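Here is how the chains run, residue by residue.
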Amino acid sequence: MSALSVDNLSIVFNGKDGGFTAVDAISFDVAEGETFGLLGPSGCGKTTALRAVAGLNLDWSGSINVFDTPLRPNRKIIGPLRRDIQMVFQDPYSSLHPRHRIRRILGEPLTVAKIEDVEAAVLAALDRVGLKADIAGRYPHQLSGGQRQRVAIARALLLKPRLLLLDEPTSALDVSVQAEILNLLNDLKRDCGMTLVLVSHDRGVVAHMCDRAVEMSKGTIRHALARSDLEIY
Ligand SMILES: Nc1ncnc2c1ncn2[C@@H]1O[C@H](COP(=O)(O)OP(=O)(O)OP(=O)(O)O)[C@@H](O)[C@H]1O
Ligand SMILES: [Mg+2]
């Protein structure tokens, strides 16, 4: 089954001086279980494309299918797909509520989903990403960058998504922590059977993680990269 199929996706931002096409008719397919890379320099439209797939930007044209279910422009994602698609953001500082303890940050989505024994589920989620139980009582600013990104990954995994969207998940981290987080993502993917879409400007990160990738430039796809192309890197 195709996990994600994007066809002719375009995204235009309207400003005072007219429209700016940030994503210009891109198409790609991601098979279930694959790790797929969106590679390209700053400003080429990677985050913009990913936000549309996550349902965070509804103003797009073209078609997006997730597990063979079409998303619709200008409509929120509803039903089971809302749990199936989760996103991890580039900067874990701004994506974690600064005044909530980790226990609450991880507990709230579970409470909303009416999961029983939230505390046990929070501790299990921390354990899954290699964090100790005492982290639950801390605030985000009391964690290292790597620990924060682990919490962000734990949160994205809480509702057992089938498609995990990763927007530069390690670019805010130093090199040694980067490798730890990438290896963690690979382990989690193997254990949970997820499909990953990884956005990065770093060819080495994409080569390390992805089965296939596309290279973007100024809103368009310039090259499709097979595993053998990534290995040459
Ligand atoms: N809300 C917005 N309104 C207007 N323009 C935007 C908006 N969001 C993004 N853009 C523009 O769209 C283009 C693509 O931005 P995007 O954030 O997708 O790039 P990116 O490839 O993720 O870059 P980076 O690697 O720096 O994160 C940029 O020129 C950016 O300025
Ligand atoms: Mg970006």
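Being a predicted model, the structure only gives us computed values, none of them experimental. (Residues numbered from 1 in each chain as written. Chains lettered and ligands numbered in written order. Predicted model: local features only at pLDDT ≥ 70, side-chain atom pairs only at ≥ 80, totals over all residues.)

Caption draft 1: Up close: the nonpolar core. Core analysis: the largest hydrophobic core is formed by 67 residues, its most contacted members being Leu9, Ala154, Leu165, Leu166 and Val197. With 6 residues, the single largest contributor to this core is helix α6 (residues 145-157). Ignoring sequence-local partners within four residues, the contact set of leucine 165 consists of Leu50, Val53, Ala54, Ile85, Gln86, Met87 and Val197. (Core = buried A, V, L, I, M, F, W, Y, C linked by C-beta atoms within 7 Å. Buried ≥ 20, exposed ≤ 12 C-beta atoms within 10 Å, placed from the backbone. Helix = DSSP H or I, 4+ residues; strand = E, 2+ residues; numbered from the N terminus. Contact = placed C-beta atoms within 7 Å.)

Caption draft 2: Structural view of the pairing of strand β1 (residues 2-15). Where β1 and strand β2 (residues 18-31) come together, 10 bridges link them in antiparallel fashion. What sits directly across from serine 2, in β2, is alanine 31. As paired elements, β1 and strand β4 (residues 61-66) share 5 bridges and run antiparallel to each other. Its bridge partner being in β4, leucine 4 is matched across the sheet by valine 66. (Pairing = 2+ DSSP bridges.)

Caption draft 3: Quick peek at the environment of isoleucine 105. Take isoleucine 105: it is sitting in helix α4 (residues 102-112). With 20 C-beta atoms packed within 10 Å, isoleucine 105 lands in the buried category. The spacing of isoleucine 105 and alanine 136 is 31 residues in sequence and 9.0 Å in space, taken between C-alpha atoms. With residues up to four places along the chain from it excluded, the contact list for isoleucine 105 reads Leu96, His97, His100, Val151 and Arg155.

Caption draft 4: Just the site of ligand 1, in detail. Neighbouring residues of ligand 1: Phe13, Phe20, Ala22, Gly40, Ser42, Gly43, Cys44, Gly45, Lys46, Thr47, Thr48 and His201. Breaking the shell around ligand 1 down by element, the ones donating at least two residues are β2 and α1 (46-53). If you tally residues by element for the shell around ligand 1, the top one is α1, at 3 residues. Class assignment for the residues of the shell around ligand 1 results in 4 nonpolar, 7 polar and 1 charged. (Near = placed C-beta within 6 Å. Nonpolar A, V, L, I, M, F, W, Y, C, P; charged D, E, K, R; others polar.)

Caption draft 5: Seen up close, the environment of isoleucine 221. Along the chain, isoleucine 221 turns up in strand β10 (residues 220-225). A residue is classified by how many C-beta atoms lie within 10 Å of it, and isoleucine 221, with 21 of them, is buried. Each C-alpha atom of the pair isoleucine 221 and glycine 40 lies 9.1 Å from the other, and the pair is 181 residues apart in sequence. Non-local contacts of isoleucine 221, meaning those with residues more than four positions away in its chain, are made with Ile26, Phe28, Val214 and Met216.

Caption draft 6: Expanded view of the environment of threonine 170. With respect to the secondary-structure elements, threonine 170 resides in the loop between β7 (163-167) and α7 (175-192). Taking the C-alpha atoms as reference, threonine 170 lies 7.6 Å from leucine 182; in sequence the two are 12 residues apart. When residues no more than four places from it in sequence are discounted, the contact partners of threonine 170 are Gln178, Ile181, Leu182 and Val205.

Caption draft 7: Here's a closer look at unusual backbone geometry. For asparagine 8, which is not glycine, the phi torsion reads 55° and is therefore positive. With respect to the element layout, asparagine 8 can be found in strand β1. A positive phi angle, near 50°, is found at aspartate 117, a position not held by glycine. Looking at the element boundaries, aspartate 117 is found in the loop between α4 and α5 (118-128).

Caption draft 8: Broad picture of the packing of α4 against α6. Contact geometry of α4 with α6 gives a least axis separation of 9 Å together with a crossing angle of 20°. Overall, the two elements α4 and α6 adopt an arrangement that is roughly parallel. The chirality of how α4 crosses α6 is right-handed. Along its contact with α4, which presents Ile102, Ile105, Leu106 and Pro109, the element α6 presents Val151, Ala154 and Arg155. In the contact of α4 with α6, the residues fall into 6 nonpolar, no polar and 1 charged. (Axes fitted to C-alpha atoms, helices over the stretch in contact; angles between N-to-C directions. Parallel < 35°, antiparallel > 145°, perpendicular 65-115°, else oblique. Left-handed = near helix turned anticlockwise from the far one by under 90°.)

By themselves, these observations are geometric and do not establish any function.
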